[in-house]
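Observations on chain architecture
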Amino acid sequence: MSTQDADGPARILPNWGSCIDCGACEVACQRTWDLPTDTQRIQVVRMNEGTDDEQNKPMQCYNCTDAPCVDVCPTDALFFRDDGTVRVSGDLCIGCHYCGVACPFGAPQYPDAEVPEAEEMDPLGMRGNGLMDKCTSCEPRQEEGLEPACASECPTDALVFGTPGELSERLAQDDAVKPFSDESARVVFGDQAEEVMPE
Amino acid sequence: MPFDILFTEPWGDWGWKVGVYVALLGLAGGAYIAAFGADLLAWRKDNPRLGSIAKYGYLSGLLALIVGPPVLLSHLATPFRAALIPLTMTNFGSWMTIGAYMIGGAAVGTIVMFGWTAFGTERPYRDPELKGRPIAADGGDAATDGGREIADGGSPEAAAIDEPAGGLRVVAGKVGVLGLLDRLADVTRPSEPIRMALGGVFAIFAAGVLVYSAMAFGSGPEGRVALWNETFLLPVQILSGLGIGLGTAVGLTALLDGDTGRALQNYALATVGLMLATLLAVIATVTLLPSVEPAAEAGVANMLGEYALLFVGGAIVVGILVPVVLLLAAVFGERRGALSPTAARASYFIAAFILVPGQIMLAWVYLLAAEYTPLILPV
């Protein structure tokens, strides 16, 4: 398990073929961080709605290299940390939803729950009151040498965690399903897209 | 097979308030530009009729700015934090930041240009013989611009109320601030060439507001919301903003100044031209956009299907065609002597009155009908 490597930040990626739609990832996230019920840092979303192929799969923030949310945030509340991950400052966010409109993965959430101000000002704390909230990749757990809660508790290893190099190795295995289209991969991995997800 | 992921649609993120905001920003930017154009012509041609249209154009923009940004602030999670713009809006790569500063510049310009044209004894386009003399009092002679010369002991407030026209000054007089506003305007007003130069600078900000009114929708990552394709959305928003800006200036001038002369009629015809151009831009969007950007097909289908009543009935018929008919009827009815001045004034004002909700309905349709381009996953 890696938190960060020279080749980029560690990310959680879905391995669609292994997911059984159990929702354990959502529960693990909610329970680990004691989040309000309407906060979904990892969200099981519906695909191919209304068709025979309808399924539900988990999506969350992928800490994109070319993060559209960072580009459009008017107040610089969204920013890149030195390790390349994306964070939101609770004291700068104005809850304008520009990041929600920009993010192709539907990651930004705007829970209305009442959250103490001290919690909102904590860089890794939960957000409420309409401010933007998103996955933090369980940074405190990583500092303890643990994987993010969702990846740790996924019963089928459908959530893969690692640096771009580690993800590349994992995705090269036979049972792994390429998680993104080439276009989406370029948003997430930038110039590393072809290394991580060779065509 | 690929999977399409459907997220909450744009309306879920932004809702009706952002639609109102975008529509009113179009009005604010368009009204200022229309007003400054009239102001410039009035100065060059020494035509007080055009000056009157300029004054009410600035007023239209001012009213839109008084309402629009607070509506947006009420949509935000932290409106007071957002209002501290110089401290909070720091990402100049974001159109919301650019727009906030454009609005700030345009607001300053709209306030001062309106104040300088509407108040003060030295205000432009006032009868030259009356310039520098206190305005009207009971028993004074009616001035050509609607004011009366002030008699001994008469107050400007009392005089303003007595004015046969110039409703704004009447309102200021009733509130008791007319004298203060007149003095303030006279003290701060620069010479006319400098005022025009400043007005030109502020017009750049107003143009920025007009562009931002479109980019507020269309500034996201390319293709995220295909219906908001900038190539198609910018002409719609710019043309409609200019159209309703000019239209509301015409309507307010007719209502408050009672002037329905040739200059106003020409501006009404210009409004008709801009609104018909808007209609063409909208038609181009629904007919051409899906072929240029196939992902926009769903949004266009929503406009013509689920939201057809709001789009066709509200935005196009009520918001464009009815005002166009009213404006044409007023202009040609008056020119041919078939319409009384009162009926013409009513037509101009009603047209202006319904242009604004029409613009709001158009913005709502663009929000309601919009769909995020589904995220295609290779599974």
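Each residue is numbered by its place in its chain's sequence as written, counting from 1. Chain letters start at A and ligand numbers start at 1, both assigned in the order the entries are written. With the structure being a predicted model, the display of local features is reserved for residues of pLDDT at least 70 and the display and counting of side-chain atom pairs for 80 or more, all residues being used for whole-chain, interface and lining totals. Working from all heavy atoms in the structure, the side-chain values ignore hydrogens and water.

1. Observations regarding the overall build of chain B
Basically, it comes down to this: Counting from the N terminus, the helices are the DSSP runs of H or I reaching at least four residues and the strands are the DSSP runs of E reaching at least two. Whether a residue is buried, partly exposed or exposed follows from its accessible area with a 1.4 Å probe, protein chains only, as a fraction of its type maximum: under 20%, in between, or over 50%, in that order. By the convention used here, residues are in contact when the closest approach between their heavy atoms is within 4.5 Å.
The helix and strand inventory of chain B stands at 14 helices and two strands. Per-residue burial for chain B yields a buried fraction of 55% across its 379 residues. Counting only contacts in chain B whose residues sit at least 6 apart along the sequence, the fraction spanning at least 24 positions is 72%.

2. Brief notes about the environment of B:A296
In this structure, B:A296 sits in the loop between α11 (262-292) and α12 (297-304). Spatially, the C-alpha atom of B:A296 lies 12 Å from that of B:L233, the residues being 63 residues apart in sequence.

3. As for the nonpolar core
Rules: We define the nonpolar core as a collection of buried residues of types Ala, Val, Leu, Ile, Met, Phe, Trp, Tyr and Cys that are connected through side-chain atoms lying within 4.5 Å of one another.
Counting 113 residues, the largest nonpolar core has B:M96, B:F217, B:L227, B:W228, B:Y348 and B:Y366 as the members making the most contacts within it. Top element by residues in this core is helix α1 (residues 10-45) of chain B. It accounts for 17 residues. Those residues in contact with B:W228 that sit more than four places away from it in its chain are A:V101, B:P10, B:W14, B:F217, B:G218, B:L233, B:Y366, B:L367 and B:A370. Core analysis: the next-biggest nonpolar cluster, separate from the first, contains 50 residues, A:A67, A:C93, A:C135 and A:V187 among them.

4. Here we look at a negative patch on the surface
Residue and element names in this part refer to chain A. Rules: Within this analysis, patches are made of residues with over 30% relative accessible area and no salt bridge. Like charges are joined at 9 Å or less; nonpolar side chains (Val, Leu, Ile, Met, Phe, Trp, Tyr) at 5 Å or less. Accessible areas in this description were obtained via Shrake-Rupley with a 1.4 Å probe; residue shielding takes into account the shown protein chains only. We define a salt bridge as a side-chain nitrogen of Lys or Arg found within 4 Å of a carboxyl oxygen belonging to Asp or Glu. Counted charges follow a simple rule, with Lys and Arg positive, Asp and Glu negative, and His plus the chain ends left uncounted. For this purpose, a charge sits on NZ of Lys, CZ of Arg, CG of Asp or CD of Glu.
A cluster of acidic residues, D66, D71, D191, E194 and E195, forms a negative patch on the protein surface. Looking at the secondary structure, you find D71 in helix α2 (residues 68-72). With relative accessibility at 48%, the residue D71 sits in the partly exposed group.

5. Some words on the confidence of the model for chain B
Caution applies to low-pLDDT regions: their predicted coordinates should not be interpreted in detail. Residue and element names in this part refer to chain B. The test is simple: A score from 0 to 100, pLDDT tells how confident the predictor is in each residue.
Taken over all residues, the pLDDT of chain B has a mean of 87, while the share at 70 or more is 85%. Contacts for the low-pLDDT stretch residues 136-154, under 50 throughout, to residues beyond four places or in other chains number 48 contacts. Scoring of the predicted complex yields 0.87 for pTM and 0.84 for ipTM.

6. Quick notes on the side chain of B:T278
All names here are of chain B. Within the element layout of this structure, T278 appears in helix α11. The buried category is assigned to T278, whose relative accessible area is 0%. Residues within four places of T278 in sequence aside, it is in contact with V236, L239, S240 and I320.

7. Some points on the packing of α11(B) against helix α13 (residues 308-335) of chain B
Residues and elements named next belong to chain B. Using the following cut-off: In this analysis, axes come from line fits to C-alpha atoms, helices being fitted only over the stretch in contact, and the angle between any two N-to-C directions falls in the range 0 to 180 degrees. Orientation is classified from the angle alone, with under 35 degrees giving roughly parallel, over 145 giving roughly antiparallel, 65 to 115 giving roughly perpendicular, and any other angle giving oblique. Crossing handedness is read from the near helix: turned anticlockwise from the far helix by less than a right angle, it gives a left-handed crossing, and turned clockwise, a right-handed one. Three classes are used, and their members are as follows: Ala, Val, Leu, Ile, Met, Phe, Trp, Tyr, Cys and Pro are nonpolar, Asp, Glu, Lys and Arg are charged, and the others, Gly among them, are polar.
At a minimum axis separation of 10 Å, α11 and α13 run at an interaxial angle of 155°. Between α11 and α13, the interaxial angle falls into the category roughly antiparallel. Handedness of the α11/α13 crossing: left-handed. Along the lines of polarity and charge, the residues of the contact of α11 with α13 split into 17 nonpolar, five polar and three charged.

8. Considerations on the interface of chain B and chain A
Heads up, the condition is: The buried area of a pairing is the accessible area, by a 1.4 Å probe, that goes missing from both parts when the two are put together, added over both. As used in this structure description, the phrase polar contact means that two N or O atoms lie within 3.5 Å; if the pair is within protein, one of them must be able to donate a hydrogen and the other to accept it, and residues adjacent in sequence are counted only when both atoms belong to side chains.
Across the contact, 37 residues belong to chain B and 44 residues belong to chain A. Across the chain B to chain A interface the summed buried area is about 3100 Å²; carbon plus sulfur atoms make up 60%. At the junction of chain B with chain A, the criterion picks out 21 residue pairs in polar contact (both at pLDDT 80 or more). Contributing elements (two or more residues each) for the side of chain B that touches chain A: β1 (3-5), α1, α3 (79-83), α5 (95-118), α9 (192-218) and β2 (375-377) of chain B. Residue composition of the side of chain B that touches chain A, by class: 24 nonpolar, nine polar and four charged.

9. Some details on the packing of aromatic side chains
Residue and element names in this part refer to chain B. In plain terms, the rule: Ring geometry is summarised as follows: Phe, Tyr and Trp rings, the Trp one being its six-membered ring, pair when their centres sit within 6.5 Å, and such pairs are stacked at plane angles under 30 degrees, edge-to-face over 60 and tilted between the two.
Evaluation of the coordinates by the stated rule reveals 13 aromatic pairs over all chains. Between the aromatic rings of Y32 and F36, the centroid separation amounts to 6.3 Å while the plane-to-plane angle is 10°, which identifies the pairing as stacked. You can see Y32 and its partner F36 sitting in helix α1, four residues apart, about one turn around the helix. Both residues of the pair, Y32 and F36, belong to the buried class. With a centroid separation of 5.3 Å and an interplanar angle of 50°, the aromatic rings of Y32 and Y58 are classed as tilted. Of this pair, Y32 sits in helix α1 while Y58 sits in helix α2 (residues 48-75), placing them 26 residues apart in sequence.

10. Some remarks on α1(B)
We apply this condition: Bend, in this description, refers to the angle at a residue between axes fitted to the seven residues ending there and the seven starting there.
Within α1(B), the axis deviates most sharply at B:W16, by approximately 55°. Directly beyond the C-terminal end of α1(B), a positive phi value near 50° is found at B:D46.

11. Topic: helix α7 (residues 164-171) of chain A
Residues and elements named next belong to chain A. Keep this limit in mind: To be clear, the arc concerns the directions from the helix axis to the C-beta atoms.
All of the buried residues in α7 are P164, L167, S168, R170 and L171. The arc that holds the buried residues of α7, viewed along the axis, is 165°, so those residues lie on one side. Those residues of α7 hidden inside the fold are in contact with β2 (8-9), β3 (11-14), β8 (159-162), α8 (182-189) and α9 (193-196).

12. Observations regarding the side chain of A:Q109
Residues and elements named next belong to chain A. Within the element layout of this structure, Q109 appears in the loop between α3 (98-102) and α4 (117-121). Under the relative-accessibility criterion, Q109 is labelled buried at 11%. What Q109 contacts, discounting residues up to four positions off in sequence, is Q40, Q43, L131, M132 and D133.

13. What about a nonpolar patch on the surface?
All names here are of chain B. Residues L276, L304, V312, V317, V318, L321 and V322 make up a contiguous nonpolar surface patch of about 470 Å² in total accessible area. In terms of residue count, α13 provides more of the nonpolar patch than any other element does, five residues in total. One can find V312 in helix α13. V312 gets classed as partly exposed once you look at its relative accessible area, which sits at 37%.

14. Overview of the environment of B:M303
Residue and element names in this part refer to chain B. Here M303 lies in helix α12. Judged by relative accessible area, M303 falls into the buried class, the value being 0%. Measuring from C-alpha to C-alpha, the distance between M303 and V175 comes to 45 Å, with 128 residues separating the pair along the chain. Not counting the four nearest positions on each side in its chain, M303 is found in contact with L227, V286, A308, F311, V365, Y366 and A369.

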